[in-house]
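# Topology and contacts: notes
One letter stands for each residue in the lines below.
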Amino acid sequence: MAKRPFRIVYEDNHLIIVNKEPGILVQGDKTGDKCLLDLVKDYIKEEYNKPGAVFLGTVHRLDRPVSGLVVFARTSKALERMNEIFRKRDVQKTYWAVVKNRPASKKGRLVHWLVKDEKRNVTTAYDYEVPGSQRAELSYRWLGEVNKHHLLEVSPITGRPHQIRVQLASMKCPIRGDVKYGFDKGNPDGSINLHARRLFFEHPVKKEPMICRAGVPDNPFWEEFLPLDDEEIKLENMGFLYE
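Worth saying up front: this structure is predicted, and the values here are computed from it rather than measured. (Residues numbered from 1 in each chain as written. Predicted model: local features only at pLDDT ≥ 70, side-chain atom pairs only at ≥ 80, totals over all residues. Heavy atoms only, no water.)

A separate point is the pairing of strand S8 (residues 134-146). As judged from the 8 bridges shared by strand S6 (residues 107-117) and S8, these two strands associate in the antiparallel manner. Opposite Trp 113, over in S8, you have Arg 135 as the bridge partner. Hairpin connection of S8 to strand S9 (residues 149-156): 2 residues between the antiparallel strands, including Asn 147 at a positive phi of 50°. (Pairing = 2+ DSSP bridges. Helix = DSSP H or I, 4+ residues; strand = E, 2+ residues; numbered from the N terminus.)

Another point: empty space enclosed by the protein. Enumeration over the complete set of coordinates arrives at 1 cavity of 30 Å³ or more. Residue lining of the largest cavity: His 60, Leu 69, Lys 93, Tyr 95, Ala 196, Arg 198 and Leu 199, and that is the complete set. Counting residues per element, the lining of the largest cavity draws most heavily on strand S10 (residues 194-202), at 3 residues. Of the residues in the lining of the largest cavity, the class split is 4 nonpolar, 1 polar and 2 charged. (1 Å grid on protein atoms, 1.4 Å probe; cavity = no way out; pocket = protein on both sides within 12 Å on 5 of 7 lines; lining within 4 Å. Points joined across faces, edges and corners; volume = space filled by probe spheres on them. Nonpolar A, V, L, I, M, F, W, Y, C, P; charged D, E, K, R; others polar.)

With that out of the way, let us pick up helix H1 (residues 36-47). The first and last C-alpha atoms of H1 sit 16 Å apart over 12 residues, in line with the 16 Å expected at 1.5 Å per residue. Of all the residues in H1, the buried ones are Leu 36, Leu 37, Leu 39, Val 40, Tyr 43 and Ile 44. Looking down the long axis of H1, one finds its buried residues gathered within 165° of arc, a one-sided arrangement. Summarising the contacts, the buried residues of H1 are in contact with strand S1 (6-11), strand S2 (15-20), strand S3 (57-58) and strand S4 (67-73). Following H1 by one or two positions, Asn 49 adopts a phi angle in the positive range, close to 50°. (Expected span 1.5 Å × (residues − 1). Buried < 20%, exposed > 50% of the residue type's maximum accessible area, 1.4 Å probe, protein only. Arc of directions from axis to C-beta. Contact = heavy atoms within 4.5 Å.)

For the rest of this paragraph, the subject is the side chain of Thr 158. With respect to the element layout, Thr 158 can be found in the loop between S9 and helix H3 (163-170). At a separation of 2.9 Å, a polar atom in the side chain of Thr 158 contacts the main-chain amide nitrogen of Glu 137. A polar side-chain atom of Thr 158 sits 3.0 Å from a polar atom in the side chain of Gln 163. (Polar contact = N/O pair within 3.5 Å; in protein donor to acceptor, adjacent residues only side chain to side chain.)

Next up on the list: unusual backbone geometry. Positive phi, normally seen in glycine, also occurs at Asn 147, with a value near 50°. Residue placement: Asn 147 occurs in the loop between S8 and S9. Taking the relative accessible area as the measure of exposure, Asn 147 reaches 53% and is therefore exposed. One non-glycine residue, Lys 148, adopts positive backbone phi at about 65°. Relative to the elements of secondary structure, Lys 148 occurs in the loop between S8 and S9. Classification of Lys 148 by relative accessible area gives exposed; the value is 63%.

Shown next, in the form of structure tokens:
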């Protein structure tokens, strides 16, 4: 059996959360390439001997070259509730981004107005509101330096297409490998060094706090940054994430 391009982080009757490898589409597109949604459906069908079609709802997406946590709902009720959790921003999302340039400040908050060019699949960031733009906000924190590269912990407050990629590039910190947004060369495997590291939310049915963490991609470059992790998630922060 071929190796699956994802690892299961959490699974119950309501949700399945996986850590996807870079290079895999979350949902199908015009390329016709097999997507993560279908791969996870295949896993459920095989693992539980399910006849017929398998229900699986996509709660959110990651860009194809990005790795990390993706949440799927296994029932329509769980999908509806998870969509509401994400819509209301009752979820703490944490990404790791590796950049070549050290940011001017060790931590900060970025606000831009983004416009997506659907034909070119490129997002442009503006410092002011323009027609057709969407407000985008994130906070970042510098975690340290390894081999002349810097690890940033990024917490997006909004969820816009290519948001982290274009906002970091706007402060002259393009993500390693991301030639679309200004890095000087691509990674050999086509990935970029952006990883959906952690998710924190309340389970939509069990009403229990959920903290999920995705291991970094299995390659030596990423693994060198693991000692910089200083994870600290406090449950009492949940209601005050976006004041």
